[in-house]
Each structure stands twice: as structure tokens, then as C-alpha cells.
Amino acid sequence: MNFKYPVWHRLHKQTNKTVLRSAADKSGLPAGSLVHIGKKHETACRISITQYNEDTLKQCEIKSISELQQLQDNKSIIWVNIDGLSDTSIVEHIGAELNIHPLVLEDILSTHQRPKLEEYEDYIYLVIKSISAQYNGNLDLRYEQISILLLANYVITFKEKADEIFKPVYYRMQNRKDRLRQSGSDYLAYVLLDTIVDEYFVVEDCLDDIIDPLEDSLLSNPTKEMLHTIQLLRRNLIAMKRSISPLRELLTTIQHANTALLHEKTLRYYGDVHDHVLRVTDSLDSYRERIASIQDIYLSSISNKLNETMKILTIFASIFIPLTFIAGIYGMNFEHMPELKWRWAYPALWIIFIAIGIGLLIYFRKKKWL
């Protein structure tokens, strides 16, 4: 959809008005405006088709949504996967071809959505966040919004970029005896959800690999780099919680949905995904508590190191205070100071200095201050 923006609008001077960075850029636009909101990926839009039933499996790529009409078959399930959202016309054509509500199409292109489920008469719309982790000295979590349209004989997935997150699903489809080949579109939607949620456990393993060594080395040698790692982990855990927690509500809604698109025997599998999400959210709460305790330990360790340093400095100051007092007395320029005329006054003074220092050290040792 093309719009003419007024001069005062922030998009007026932008060259590419179909790709926005923030939801704030869309302020003032009418509902249902098809513009891509989110990070612009270099992935070119690609439409891949997987058509299958118990006996046959066909995979191909198409250039236009209009080619879907040639593939329609009541005996087969068609999975349409779209990699890349920069070409908004593809989403618009899908909406026209399958009679999808404009607000759903708008949400598909807005990649800052909260995971949710919307139920319509002929289809169900799902939004879920995929999370992948990379660790190269620093934890790098990458988020991707995946939208799923579930229809009677169609499942349509919209991804921000091309990746291999659904590679296990394609692999399962090669097996003719797999339950996926023998079930309907609702089971395919479950498999896609389960594949995305399984990646959360991979992220958990990555977090374990970072947090466990951090806890072990924190007491012995706390450093500024550790504090940076702790703060990074806290931010990542908050972001993960924001992306994963709504899935509990989403999956609960699926299990109680009153629609012919979801068969009763398939709802058990959605319940299994719900259990996985609960495990992940419980783990995230545990990680947050561990990070909070690690931060407290870090601060305590730094405080203890400072106390040890101050104790050593105080001990040295305590030893030198009486010595400085004696040296100050004999540094005064009075005429009648008989000790200044004594032959052995200087070595005697050194003996006194040494005796005071050793005596104080022995005293501190007995008091267990050293």
C-alpha cells in the first residue's frame, strides 16, 4: 500500500518508506498500513513451498503467490515458508489470496510484536520469538519474530531472514512413517512451535557454560570484566523473559480454543510444548536469582579486598605512629635536650624503633589482626 506522507511526518524525507526501524516511525499511519518495522536484513524475499501427505512430498520455490492456486489439493497439506519481509507486496498478496485480515498482515510486518495468538473464523494467527545464541567471549543473543498462519490445509510461516531453524522439520518430512506426514496442518503448526521452543534449551546450555565458570572464579579473582559480563547477562535474561513468558498464555489459549482447526488429539502435543515453556521460564527465574547472587558476591568480594587493603595500611600506620611521635620529639630545636649530647643516643633510638615495631607486630598477631 502506498501513502503520501505530509511534510510534518517523520517519514516524509525517508527514501525507503516501506522499511521502518521503530514502531514510533509508524505514528499517524492508518491501521492496516503494510510497512516493515524492524531491522532490515539483507535476505531477499524467498517463498518456498512444501506440499505433502502420507504418500507424496514435493518441495519447490515460487516467485509469486498467485502460483499457489496451481498447487491447491484437498488431499495435501501445503506449508508456505517466506524468508525475508522487505517485500511487503508478498504479504499483501497472501492476504488477498487467502482473505487474511489487514490487521494481521500489519502485525506480520511489525517485528516488535509480543508473542500472542489471535483466533479468526477460518484461520489462527500466532506470533513467537525465535532465540539463538552465539558466544565469542561475549554472549550474543539474536531474536527473530516468526509469524504462523494456521488454516485448514495451509500453514504459512513468515521469518525475518533465511536461517536453518526449521531444518529439523524438513528432515522429519523425509520420513514417510513420521507422524508429521500422517497428520493435518494443526500438527505441523505444533512441530514448528516445538522446534522454536527447543532452541531455548540450547540457549540455556550456553548460559550454563558462562555462569558456572563465572561463579567459580568470582571469589578468587573478581575483575571489572566480570561485572560487565554480569550486567550483560542481566539484560539478556530480562529480554528473554519478555519474549518467552507470553508463550504460557498463548499455549493455554490454544488448549482451550474452540475451533475446528485444532483437533483434540493434537492438543495433547501443544500441552507438551506448554510444559517445555514452563521449564524454560522456571530456568530463567533461576538464572536471574543466580545472577543477582553473583552480583552480590562480586560486590562483597570487592569490599573484602578493599577491607584487606585498608587493614594492611592501618597496621603500617599504627606501627609508624609511635615512631613518628618519637622522631617528632627529637626533631624539635630546643637547646636543653640532654639526649642530643649522648654518645649512644642515635643507636639506642634505633633499638627503640625496632623494638616498638616488633612488639606491635607480635601484639597484632596475638589479636589475629594479621
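Structure: see above.
Numbering of residues starts from 1 in every chain and runs along the sequence as written. Owing to the predicted nature of the model, reporting of local features is limited to residues with pLDDT of at least 70; listing and counting of side-chain atom pairs is limited to 80 or more, with chain, interface and lining totals taken over all residues. The side-chain quantities take in all heavy atoms of the structure and omit both hydrogens and water.

Structural notes on the overall build of the protein chain
Let me state the cut-off plainly: For helices the rule is a DSSP run of H or I covering at least 4 residues; for strands it is a run of E covering at least 2, with both sets numbered from the N terminus onward. For every residue, the accessible area (1.4 Å probe, protein chains only) is compared with the maximum for its type, and the residue is labelled buried under 20%, exposed over 50%, or partly exposed between those bounds. When checking whether two residues touch, look at their non-hydrogen atoms; a contact exists if any pair is within 4.5 Å. Surface accessibility follows the Shrake-Rupley procedure with a 1.4 Å probe radius. Residue values consider only the protein chains on display as shielding.
Helices and strands together make up the secondary structure of the protein chain, namely 10 helices and nine strands. Counting only residues that meet the buried cut, the protein chain has 43% of its 370 residues in that class. Look at the contacts in the protein chain between residues 6 or more apart in sequence, and 64% of them connect residues 24 or more apart. Accessible surface, the protein chain as shown: approximately 21,300 Å² in total, 54% of it carbon and sulfur.

Concerning the pattern of salt bridges
Pairing between side chains of opposite charge can happen when their charged atoms approach one another. Applicable threshold: Any carboxyl oxygen of Asp or Glu that lies within 4 Å of a side-chain nitrogen of Lys or Arg is treated as forming a salt bridge with it.
Counted under the stated rule, the structure contains 14 salt bridges. Between Glu-61 and Arg-46 there is a salt bridge, with the nearest N and O atoms lying 3.7 Å from each other. Remark: Arg-46 occurs in strand E3 (residues 46-52) and Glu-61 occurs in strand E4 (residues 57-62); sequence separation between them is 15 residues. Between Asp-163 and Lys-159 there is a salt bridge whose closest N-O contact spans 2.8 Å. Overlapping salt bridges, with partners in common, bring together Arg-46, Glu-61, Asp-83, Lys-159 and Asp-163 in one network.

A look at the packing of helix H8 (residues 246-255) against helix H9 (residues 264-329)
Convention followed: Each axis is a line fitted through C-alpha atoms, and for a helix only the stretch in contact is used; angles between axes span 0 to 180 degrees, taken between their N-to-C directions. By definition in this entry, angles of less than 35 degrees are roughly parallel, angles greater than 145 are roughly antiparallel, angles of 65 to 115 are roughly perpendicular, and the rest are oblique. Handedness of a crossing follows from how the near helix is turned relative to the far one, being left-handed for an anticlockwise turn of less than a right angle and right-handed for a clockwise one. When residues are sorted by character, Ala, Val, Leu, Ile, Met, Phe, Trp, Tyr, Cys and Pro go into the nonpolar class, Asp, Glu, Lys and Arg into the charged class, and all the rest, Gly among them, into the polar class.
The contact between H8 and H9 brings their axes to 9 Å, and the two run at 165 degrees. Classified by the angle their axes make, H8 and H9 are roughly antiparallel. Like other packed secondary-structure pairs, H8 and H9 cross with a definite hand, here left-handed. Of the residues in H9, those touching H8 at Leu-247, Arg-248, Leu-251, Thr-252, Ile-254 and Gln-255 are Leu-267, Tyr-270, Gly-271, Val-273, His-274, Val-277, Leu-278 and Thr-281. Classifying every residue of the contact of H8 with H9 by side-chain character gives eight nonpolar, five polar and one charged.

Some points on the nonpolar core
Operational definition: By convention a nonpolar core is built from buried Ala, Val, Leu, Ile, Met, Phe, Trp, Tyr and Cys residues, the set being connected through side-chain atoms within 4.5 Å.
Judged by nonpolar contacts, the single largest core of 60 residues is most densely connected at Val-169, Leu-188, Tyr-200, Ile-254 and Tyr-270. Tallying contributions element by element places helix H6 (residues 185-218) first for this core, with 18 residues. Beyond its immediate stretch of four places on either side in the chain, Val-169 contacts Trp-79, Leu-180, Leu-188, Val-191, Leu-192 and Thr-195. Leu-68, Val-91, Val-104 and Phe-158 belong to the second-largest nonpolar core, a separate cluster that totals 26 residues.

Description of the packing of helix H2 (residues 88-98) against helix H3 (residues 102-109)
Contact geometry for H2 and H3: axes closest at 10 Å, N-to-C directions at 150 degrees. Here H2 lies roughly antiparallel to H3, going by the angle between them. Seen from above, H2 lies across H3 with right-handed handedness. Two secondary-structure elements touch here, H2 through Thr-88, Val-91 and Gly-95 and H3 through Leu-105, Ile-108 and Leu-109. Across the contact of H2 with H3, the residue classes tally to four nonpolar, two polar and no charged.

Concerning the environment of Ile-90
The topology assignment puts Ile-90 in helix H2. For the pair Ile-90 and Ile-65, spaced 25 residues apart in sequence, the C-alpha separation works out to 6.9 Å. With near-sequence residues (within four places) excluded, Ile-90 lies in contact with Cys-45, Ile-47, Ile-65 and Ile-82.

Some points on the pairing of strand E7 (residues 124-135)
Selection rule: Two strands make a pair as long as DSSP finds a minimum of two bridges between them.
Pairing between strand E6 (residues 116-119) and E7: four bridges, direction antiparallel. Residue pairing in the sheet places Lys-116 in a bridge with Val-127 of E7. Where E6 hands over to E7, the hairpin turn is made up of four residues, counted between the paired strands. Sheet topology places E7 next to strand E8 (residues 139-150); 12 bridges connect them, and they run antiparallel. Note on E8: the bridge partner recorded for Tyr-125 is Leu-149.

What about the sheet that holds E3?
Here we have seven strands laid out as an open sheet, ordered E4-E3-E5-E9-E8-E7-E6, and mixed in their pairing. The strands lining the two open edges of the sheet, one partner per strand, are E4 and E6. The sheet shows a mean angle of 20 degrees between the axes of neighbouring strands, taken without regard to direction. Sheet topology places E3 next to strand E5 (residues 77-83); seven bridges connect them, and they run antiparallel. Each bridged residue has a counterpart across the sheet, and for Arg-46 the counterpart in E5 is Asp-83. Taken strand by strand, H2 contacts E3, E5 and strand E9 (154-159), and its axis lies near 165 degrees from that of E9. Packed onto the sheet, H6 meets E3, E5, E7, E8 and E9 and runs at close to 25 degrees relative to E7.

Focus: helix H7 (residues 224-244)
Under the convention used in this document: Multiplying 1.5 Å by the helix residue count minus one yields the expected span of that helix.
End to end, H7 covers 30 Å across 21 residues, agreeing with the expected 30 Å (1.5 Å per residue, within 8%). For H7, the elements touching its buried residues are E7, E8, H6, H8 and H9.

Section: the layout of surface pockets
Where we set the bar: In the cavity and pocket records, a cavity denotes points on a 1 Å grid over the protein atoms alone where a 1.4 Å probe fits but cannot get out, a pocket denotes an open set with protein on both sides within 12 Å along at least 5 of 7 lines, and lining residues are residues with an atom within 4 Å of a point. Grid points are joined across faces, edges and corners, and a volume is the space filled by probe spheres set on the points.
Estimates place the volume of the second largest pocket at around 200 Å³. Along the wall of the second largest pocket there are 16 residues; nearest its centre are Arg-46, Ser-48, Asn-81, Asp-83 and Tyr-170. Counting residues per element, the ones that place at least two in the lining of the second largest pocket are E3, E4, E5 and helix H4 (167-173). Looking at which element gives the most residues to the lining of the second largest pocket, the answer is E3, with four residues. Classifying every residue of the lining of the second largest pocket gives five nonpolar, four polar and seven charged.

The quantities given are spatial measurements derived from coordinates; they are silent on function.
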